[in-house]
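Here is what each chain is made of, one letter per residue.
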Amino acid sequence: MTLTTPPVAKKVPHVETHHGIAIADDYAWLRDPGYPEVKDAEVLAHLQAENAWFEARMAPQQGLIDTLFKEMRARIKEADKSVPQKDGDYLYWIEFEEGAEYKKWWRRPVAGGPDQLILDEVALAEGHEYFRLGALSVSQDGTLLAWSVDDNGSERFTVRIKNLVTGKVLPDEIPGTLSGLVWVAGDKGLVYSLANEQWRTDNARLHWLGQPLDSDVELYHEDDDGFRVGASLSANEQWLIIGTSDHETSEVRLVPAADPLSPPLLVKARQTGVEYDVDLRGDTLFIHTNDAHENFRLAIAPLSEPGEWTTLIEGSDAFYLTGFELFRDFYVIEGRRAGLDQIEVRYYDDPARIEPIQFPEASYTAGLGDNPEWAVTTLRLSYESMVSPASVMDYDVAARTLTTLKVQEIPSGYDAALYVTERLEITARDGTKVPVSVVYRRDRTGAGPLYLYGYGAYGIAIEPGFSTTRLSLLDRGFAYAIAHIRGGDDLGRAWYKAGKLEWRTNTFTDFVDVAHGLIARGLTEAGRIAIAGGSAGGELMGAVINSDPQLWGAVAAHVPFVDVLSTMLDPSLPLTPGEWPEWGNPIEDKAAFELIHSYSPYDQVRAQAYPPLLVTAGLNDPRVTYWEPAKWVAKLRELKTDHNELLLKTNMGAGHGGKSGRFESLKETAEEFAFILWQLGVAR
C-alpha cells in the first residue's frame, strides 16, 4: 500500500501549572510511562508510522542516497590501521579490515615477537543491531584487559576482563557502568562508576579481581543530584584522581593508587562557579582552574597543603587555557588564541622557557594525541584543517621539529588545491563579531547553496576540521560553513557564558545573523541555506525555524533537544539536575521558567510556514529522550501552514549517536544529504 498522508498524532489534553502559569501539552502521552523501557503499543505504533512515512517519502530518493553512500564509502580506506604507539613493553594500534564496520585492537612486544589481537570488536558486535565500545584499559603489567560494551544505545555499559597471557575471558562481569576503567592496587583492583536509575554516575567503586560484585567497595558517593563522578590515574600513575562536577563547579579527591582503600585527600572543597582539575608530579599538584580568571590559570600546590594554590601561569583575556598534560621532564599546555588551537611545551625548572609548536596553516585544529608514557622525548599530535585531511605527527621536543607519520588517505582521490577555506567575522545585531569557518571549491561562483552548521552550548567549540562526507556537498556547488556562535567556548570562557542562562538567545540570534552575513557577502541567498545541528544544536534548529523560517531551504535536526521547558521541569529525567547551571532551574526560578518558555522550540511552534524538515531520534537515547522530537513533529504537523516535507526517523535500536558502525552511520549522512539536495533542487 502506498502511503499518501503523514501520520497524525492524537491529542490528549494535558495541562501543568508552574508559577501560576498553565502550560498545555496535548502530546505528552508520547512519553511512555515505563521509560526507559518503551513498550506502550500506541507510542510504538506512532513511531513506526512516522518511520513508514519517512521511508515512503524518501523512497524516490533511494538512487541518490545510494550514489552518495557509494561516494562517501569510496573515500574511506577500508583496510586501515592507526600509527602504533608505545606504552610500556608493547606497541599498540587499531586496525580495520576490508568491509568491517568495527575495529580490532592489536599489540606486539617492543623487544620483538608476534602481533597479538587483544580485542576483536567485529566478533563482539556480531548479532547486535547496535554496538559501541566504551572504555578499554590494559593493566599496568600488561597482562589484563578490561573493556566495556553497550549493545543497544542506552549508554549503560557492561565490563568484562580478559587475561592477555592465556586469552581467556574472566568470569568477572560488571553491568550498568558509565565510566572509564582504572587499574589500581598492583592490578588487583579496577575502579569504575555505575549509572544509577537516573543515568547519573554518583559513585566511584572498586572491584577486586575474582571477587563477587556485592563485595565491591564504594570509594566515593556524591549526594548532589546535579554532579557526576569520574576517576582517572595521575600522569605518573601513582595517584587515583576522583573528580565530581556539574557544568560549573568541581571538586577533586586523591587516593594512592597502590592503596585505594586509604582515606581520600580532598584538594579543595567545592565552591559554586569554580572549576578545577589536577595532576601530580612528585609532591607537587598542578591545578587548572577558573577561580581567578574565567579563561583559567595553572597553579601549583604542595601535596601537604593541596588547597594552597600559587599561580604558575596567569589567566589571560587573550589566551584561553583549555588543559595541560604532565610528563617527567616537561609539561604541555593547550589552549586557544583568537579561536585558534595552541600547544606549548614548558619546563619545570625554567618558567620563562616557553616553546610554542608551530603549524603550517592559518586556520586548523590541532591537539595532543595519545601520549601514555611518563618519560618521553617526543609528543604524538593530531592535526587537520577544513582542506587538509587528518594527520598524525610526532613532535621532537629537543629538536622542536614535526614529523608527519600518517595522513588520512582518501582512496577515491582528493586534491586539496581544488578547495579554499576562509575564516570570516560577521557582526551580530548587538555588535559582537562572530567567527565563521567556510570551505568551498575554488571554481564555485555566485550565490550558490550553503550548508550552515551550528551547536552553541555547554562551552563546546566546533573546530574547523576535515570531513570526507562534506565533499559530496562541496562537489555539488555547496559552500560549507561552521558558525562559531556564543554558547560554545571557541573564543574563551566569556564566549560560552554569553550564550547560556539569561543570555541563551544570543546563540540563536548569532546563527541567524551569520546567515544574513553570508548572504550579504554573496555566498548564498535566502531559501538556499540548508542548516543542521544535533542535540543542543537541534534546539538551535528549532529556535531559528520558529524565528526566521523564510531563511532556510532545508533543515536537519538530529536528536534535537526541543522540549526544553518540560525537561528542565522534570528532575527525574537523567540529565535535568545537572543541566540547571546551563539553562536555569524553572522549578525554583520564575524568571528562568519564563525565559525558557519564551525560546523552547516545542512551546513556541506556531501557525506559520516552516521550511522542509528532517528530524531524527533514538528510542534508547538517554540524553535527548525520543519523545522530544516525536512531540515536536506532532505539533509542527498540527500547526504549520505549508506543504513542505516534515519527516521523522526514529532509530528503534539505537541511542543518541544514531547507528553504530563506520558504514552504517554513513548511510544516515547520505540520507540527510539526499534530503537537502532534494529540497534545494540541486543537481544530483
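In this text the structure is predicted, and so the values were computed from the model without any measurement. (Residues numbered from 1 in each chain as written. Predicted model: local features only at pLDDT ≥ 70, side-chain atom pairs only at ≥ 80, totals over all residues. Heavy atoms only, no water.)

(A) Broad picture of the packing of helix 2 (residues 62–74) against helix 12 (residues 664–680). Relative orientation of the contacting elements helix 2 and helix 12 amounts to 130 degrees, with a least axis distance of 8 Å. In this view, helix 2 runs oblique relative to helix 12, as classed from their interaxial angle. The way helix 2 lies across helix 12 gives a crossing that is right-handed. Counting all contacts with helix 2, which are made through Leu64, Ile65, Leu68, Phe69, Met72 and Arg73, the residues of helix 12 involved are Leu666, Lys667, Thr669, Ala670, Glu671, Phe673, Ala674 and Leu677. Taken together, the residues of the contact of helix 2 with helix 12 sort by class into 10 nonpolar, one polar and three charged. (Axes fitted to C-alpha atoms, helices over the stretch in contact; angles between N-to-C directions. Helix = DSSP H or I, 4+ residues; strand = E, 2+ residues; numbered from the N terminus. Parallel < 35°, antiparallel > 145°, perpendicular 65-115°, else oblique. Left-handed = near helix turned anticlockwise from the far one by under 90°. Contact = heavy atoms within 4.5 Å. Nonpolar A, V, L, I, M, F, W, Y, C, P; charged D, E, K, R; others polar.)

(B) Focus on the pairing of strand 16 (residues 228–233). Looking at chain direction, strand 16 and strand 17 (residues 239–245) are connected through six bridges and run antiparallel. When the sheet's bridge partners are listed, valine 229 is paired in strand 17 with threonine 244. Hairpin connection from strand 16 to strand 17: five residues lie between these consecutive antiparallel strands, with glutamate 237 at a positive phi of about 65 degrees. (Pairing = 2+ DSSP bridges.)

(C) Broad picture of the sheet that holds strand 11 (residues 169–177). Overall, antiparallel pairing links the four strands, which are arranged 8-9-10-11 in an open sheet. In this open sheet, the two edge strands, each paired with only one partner strand, are strand 8 (132–138) and strand 11. With direction set aside, neighbouring strand axes in the sheet form an average angle of 20 degrees. Direction of pairing for strand 8 relative to strand 9 (residues 144–150): antiparallel, over a ladder of five bridges. Bridge pairing in strand 9 places serine 137 opposite alanine 146.

(D) Fine view of the side chain of threonine 524. Along the polypeptide, threonine 524 turns up in the loop between helix 6 (505–520) and strand 36 (529–534). Under the relative-accessibility criterion, threonine 524 is labelled buried at 1%. Here glycine 448 takes part through its backbone oxygen, which lies 2.9 Å from a polar atom of the side chain of threonine 524. Once you skip the residues sitting within four places of it in the chain, threonine 524 turns out to touch Ala447, Gly448, Pro449, Leu450, Leu518, Ile519 and Ile529. (Buried < 20%, exposed > 50% of the residue type's maximum accessible area, 1.4 Å probe, protein only. Polar contact = N/O pair within 3.5 Å; in protein donor to acceptor, adjacent residues only side chain to side chain.)

(E) Representation of the packing of aromatic side chains in the model. A full pass over the atoms with the stated rule returns 25 aromatic pairs. Between the aromatic rings of tyrosine 35 and tyrosine 626, the centroid separation amounts to 6.4 Å while the plane-to-plane angle is 45 degrees, which identifies the pairing as tilted. Here tyrosine 35 is found in the loop between strand 2 (21–24) and helix 1 (41–58), whereas its partner tyrosine 626 is found in the loop between strand 38 (613–618) and helix 11 (627–639), with 591 residues between them in sequence. With a relative accessible area of 18%, tyrosine 35 lands in the buried category. We classify tyrosine 626 as buried; its relative accessible area is 1%. Measuring from centroid to centroid gives 6.0 Å for phenylalanine 675 and tryptophan 678, while their planes differ by 90 degrees, and the two rings are edge-to-face. Here tryptophan 678 and phenylalanine 675 lie together in helix 12, a separation of three residues that amounts to about one turn. One aromatic cluster is present, built from ring pairs that chain together Tyr35, Tyr626 and Trp627. Just above the ring of tyrosine 90 sits the side chain of arginine 107; from NZ or CZ to the centre is 3.7 Å. When the ring centre of tyrosine 347 is taken as reference, the NZ or CZ atom of arginine 353 above it lies at 3.7 Å. (Phe/Tyr/Trp six-rings, centres within 6.5 Å; stacked < 30°, edge-to-face > 60°. Lys NZ or Arg CZ within 6 Å of the ring centre and 35° of its normal.)

(F) Focus on the environment of aspartate 642. Inspection of the secondary structure assignment puts aspartate 642 in the loop between helix 11 and strand 39 (646–651). Separated by 33 residues in the primary sequence, aspartate 642 and alanine 609 place their C-alpha atoms 4.8 Å from one another. A distance of 2.6 Å separates a polar side-chain atom of aspartate 642 from the backbone nitrogen of tyrosine 610. At a separation of 2.7 Å, a polar atom in the side chain of aspartate 642 contacts the main-chain amide nitrogen of asparagine 644.

(G) Spotlight on helix 11. Between its first and last C-alpha atoms helix 11 spans 18 Å; for 13 residues at 1.5 Å apiece the expected length is 18 Å, and the two agree. Here helix 11 lies mainly inside the structure; 11 of its 13 residues are buried. Restricting attention to buried positions, one finds in helix 11 the residues Trp627, Glu628, Pro629, Ala630, Lys631, Trp632, Val633, Ala634, Lys635, Leu636 and Arg637. Where helix 11 is buried, its residues contact helix 1, helix 7 (536–547), strand 37 (552–558), helix 8 (564–568), strand 38 and strand 39. (Expected span 1.5 Å × (residues − 1).)

(H) Geometry of unusual backbone geometry. In this structure, proline 36 follows tyrosine 35 across a cis peptide bond, with omega equal to 20 degrees. Along the polypeptide, proline 36 turns up in the loop between strand 2 and helix 1. Even without a glycine there, the phi angle at glutamate 237 is positive, about 65 degrees. Topologically, glutamate 237 is positioned in the loop between strand 16 and strand 17. In this structure glutamate 237 comes out as partly exposed when scored by relative accessible area, which is 34%. The phi angle at valine 559 is positive, at roughly 35 degrees, despite the residue not being glycine. By secondary structure assignment, the location of valine 559 is in the loop between strand 37 and helix 8.

(I) Fine view of the environment of glutamate 248. Its location among the elements puts glutamate 248 in the loop between strand 17 and strand 18 (250–256). The class for glutamate 248 is partly exposed, based on a relative accessible area of 23%. Taking the C-alpha atoms as reference points, glutamate 248 and glycine 273, 25 residues apart in sequence, are found 5.0 Å from one another. Leaving out residues up to four positions away in the same chain, glutamate 248 has contacts with Thr272, Gly273, Val274, Glu275, Lys500 and Pro581.

(J) Up close: the nonpolar core. Judged by nonpolar contacts, the single largest core of 113 residues is most densely connected at Leu452, Phe511, Leu518, Ile531, Trp552 and Trp632. The biggest single contributor to this core is helix 12, with nine residues. In this structure, tryptophan 632 is in contact with Gly542, Ile545, Ala557, Pro560, Val562, Pro601, Tyr602, Val605, Leu613 and Val615, ignoring residues within four places of it in sequence. Val332, Val345, Phe359 and Val376 belong to the second largest nonpolar core, which has 19 residues in total. (Core = buried A, V, L, I, M, F, W, Y, C linked by side-chain atoms within 4.5 Å.)

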